[in-house]
Amino acid sequence: MIPKSHPRYESLMARELIVEGVRKGITSTQGLIAQGRGEAFDYLIGEKTTESALRAEKVAAAKLLLAKKPVISVNGNAAALVGFELIRLSELVNAPLEVNLFHRTEERVNKIMGHLRSLGAKNLVTKNDALIPGLEHDRAKVDRDGIFAADVVLVPLEDGDRCKALVGMGKTVIAIDLNPLSRTAQCATITIVDNIIRAVPNISKFAEELKELEQEQLKDIVMGYDNKQTLSLAIEEINKNLISFIGRS
Ligand code: PTJ
C-alpha cells in the first residue's frame, strides 16, 4: 500500500490505476509508456495546474458549452485514469463519450465501454461506421453520429495524426497533453498542458460555473484565446522550474 504521506502519492496512485487498467484489459501495454512520458513532463511543470493551463481549461469548458455537437473521445489511458470524471463532464456539457483507440482491438473497445457503463455512463456512441479521411491507422474508425459529425472534440492523450485530421475536417479540437512540444499540442485548437487527472475535474468545475451564462458571455471567454501563447507559457514554466533546480543543486 502507498501511504498518503508519500511525497509523490498522487503520481504513484495514477501508476496503480494505469497498471490496473492493463490488468483489466482496458489500457494497452503501450499506455504504460505513454504514462511514463506524461509523468516526466508533469514533473517539469511542477505537478500542478499552471495558470495558463487553468485558463485553457476555462476556455475549453466554454467551448464545450457553446458546441452544437460536442463529443468526448476516450482511449485506454483516459478510461483507466479518469473514467468517472469523464462521465461527469459528459453529463455537464451534454457530450457523448466515444471510445476511439490507437492500438485498437474490438475486445478492448468493448471492455472500455463495459467499464464506462459500470461507472454509470449512459451517453455513449458505439458504432464505427465512418472513417476520418486521410488517416491510415485504426484511429480513423469513428461513429458517423459521434466524432465524425462533431463540431468540438475533446481528445485526451492523443496522437498527432488524428488531431491534425480532425482539425482538417474543420473541427475544434481540445487536447489534454502534458507535453507542450508534441504534435498534438502544437496542432490542437485548445491545448491543455496539464495532467488529465487534474484537467478533467477542472474543466467540469468551470462547466458547472459557466453553464448558466448566455451564449454571448461564453463567447467572450473564448474570444482572444491564443493557443500559441498557451504553449509558450507552458514552455516558459518548464524553463523557470529547471532554472530554479539549478539554484538548488
Ligand atoms: O488506448 P490507445 O490504444 O488509444 O492508446 C493510448 C496511448 C496514450 C497509448 C496512445 O495514444 C499513445 O501512444 O499516445 P502517445 O503518442 O504516447 O502520446 C501520449 C501523450 O500524452 C504524450 O505526449 C504524453 O506526454 C501525454 N500524457 C501521458 N500521460 C498523460 C499525458 N497527458 C496528460 N495527462 C497524463 N496523465
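Residues numbered from 1 in each chain as written. Predicted model: local features only at pLDDT ≥ 70, side-chain atom pairs only at ≥ 80, totals over all residues. Heavy atoms only, no water.

Caption draft 1: Quick peek at the pairing of strand 6 (residues 152–156). Most of strand 6 sits inside the fold, with five of its five residues counted as buried. Along strand 6, one buried face is formed by V152, L154 and P156 and the opposite face, lined by V153 and V155, is buried too. As defined by bridge partners, strand 1 (residues 70–74) adjoins strand 6 across three bridges and the pair is classed as parallel. Within strand 6, the position partnered with V71 by the bridge is V153. Pairing of strand 6 with strand 7 (residues 172–176) involves five bridges; the strand directions are parallel. Within strand 7, the residue paired with P156 across the bridge is I176. As for the winding sense of the linkage, the β-α-β connection from strand 6 through helix 6 (residues 160–168) to strand 7 is right-handed. (Buried < 20%, exposed > 50% of the residue type's maximum accessible area, 1.4 Å probe, protein only. Helix = DSSP H or I, 4+ residues; strand = E, 2+ residues; numbered from the N terminus. Pairing = 2+ DSSP bridges. Right-handed = clockwise from strand over helix to strand, strands pointing away.)

Caption draft 2: Broad picture of the site of the ligand. Around the ligand lies a shell of 24 residues, among which G76, F102, H103, R108 and D177 are the nearest. In this structure, R37 approaches the ligand through a side-chain N or O atom, which is 2.9 Å from an oxygen atom. The contact in question runs from an oxygen atom of the ligand to an N or O atom on the side chain of D177, over 2.8 Å. Here the ligand, which alone exposes 750 Å², has 93% of that area covered by the protein. (Near = heavy atom within 4 Å. Polar contact = N/O pair within 3.5 Å; in protein donor to acceptor, adjacent residues only side chain to side chain. Areas by Shrake-Rupley, 256 points an atom, 1.4 Å probe, with all protein chains shown as cover.)

Caption draft 3: A look at the side chain of S182. In this structure, S182 sits in the loop between strand 7 and helix 7 (183–187). A relative accessible area of 13% means that S182 is categorised as buried. Only 3.0 Å separates the side chain of S182 from the backbone nitrogen of A185, close enough to count as a polar contact.

Caption draft 4: Geometry of the pattern of salt bridges. Scanning the entire structure with this criterion turns up 18 salt bridges. Here E20 makes a salt bridge to R23, at a shortest N to O gap of 3.3 Å. Within this pair, E20 and its partner R23 are both found in helix 1 (residues 9–24), separated by three residues, close to a single helical turn. Of the residues examined, R23 reaches a relative accessible area of 64% and is grouped as exposed. The shortest N-O distance in the salt bridge between K127 and D143 comes to 3.1 Å. (Salt bridge = Lys/Arg side-chain N within 4 Å of Asp/Glu carboxyl O.)

Caption draft 5: Inspection of the UniProt feature "binding site: ATP" (unreviewed entry) in the protein at higher detail. Under the UniProt annotation, the feature "binding site: ATP" (unreviewed entry) is placed at R15, R37, D177, L178, N179, R183, T184, N195 and I196. Their sequence span is 182 residues, while the largest C-alpha to C-alpha distance among them is 24.3 Å; these annotated residues do not converge on one region. Checking the annotated residues one by one, the ones that line the largest pocket turn out to be R37, D177, L178, N179, R183, T184, N195 and I196. Tracing the chain through its elements places R15 in helix 1. As for its placement among the helices and strands, D177 is situated in the loop between strand 7 and helix 7. (UniProt positions renumbered as here; feature names shortened; annotations may be inferred. 1 Å grid on protein atoms, 1.4 Å probe; cavity = no way out; pocket = protein on both sides within 12 Å on 5 of 7 lines; lining within 4 Å.)

Caption draft 6: Focus on the packing of aromatic side chains. On inspection of all chains with the given rule, the structure shows zero aromatic pairs. Cation over ring: R144 sits above F148, and NZ or CZ is 5.0 Å from the ring centre. Directly above the aromatic system of F206 lies the positively charged group of K205, at a separation of 4.7 Å from the ring centroid. (Phe/Tyr/Trp six-rings, centres within 6.5 Å; stacked < 30°, edge-to-face > 60°. Lys NZ or Arg CZ within 6 Å of the ring centre and 35° of its normal.)

Caption draft 7: Representation of helix 6 in the model. Taken together, the buried positions of helix 6 are occupied by G160, R162, C163, A165 and L166. Check the buried side of helix 6 and you find it contacts strand 1, strand 6, strand 7 and helix 7. Positive phi appears at G170, one or two residues downstream of helix 6, with a value of about 90 degrees. (Contact = heavy atoms within 4.5 Å.)

Caption draft 8: A look at unusual backbone geometry. The backbone of E47 shows a phi angle near 50 degrees, a positive value even though the residue is not glycine. Here E47 lies in the loop between helix 2 (30–45) and helix 3 (51–66).

Caption draft 9: Summary view of the sheet that holds strand 6. Pairing in this open sheet of six strands is parallel, and the strands run 3-2-1-6-7-8 from one edge to the other. Of all strands in the sheet, those with a lone pairing partner are strand 3 (124–125) and strand 8 (190–192), marking the two edges. Strand contacts of helix 4 (residues 76–93): strand 1, strand 2 (97–99) and strand 6, with the helix running at about 170 degrees to strand 1, the strand carrying the most contacts. Packed onto the sheet, helix 8 (residues 196–210) meets strand 6, strand 7 and strand 8 and runs at close to 130 degrees relative to strand 7. (Axes fitted to C-alpha atoms, helices over the stretch in contact; angles between N-to-C directions.)

Caption draft 10: Geometry of the layout of surface pockets. One number sums up the size of the largest pocket: a volume of about 720 Å³. Lining the largest pocket are 32 residues, and of these A34, R37, L157, E158 and D159 sit closest to its centre. Those elements giving two or more residues to the lining of the largest pocket turn out to be helix 2, helix 4 and helix 7. Broken down by element, the lining of the largest pocket gets its largest block of residues, eight residues, from helix 2. Empty space within the second largest pocket amounts to approximately 250 Å³. Along its surface, the second largest pocket is lined by 18 residues, and L17, A80, L81, V82 and E85 are the ones closest to its centre. Split by residue class, the lining of the second largest pocket holds 11 nonpolar, three polar and four charged. (Points joined across faces, edges and corners; volume = space filled by probe spheres on them. Nonpolar A, V, L, I, M, F, W, Y, C, P; charged D, E, K, R; others polar.)

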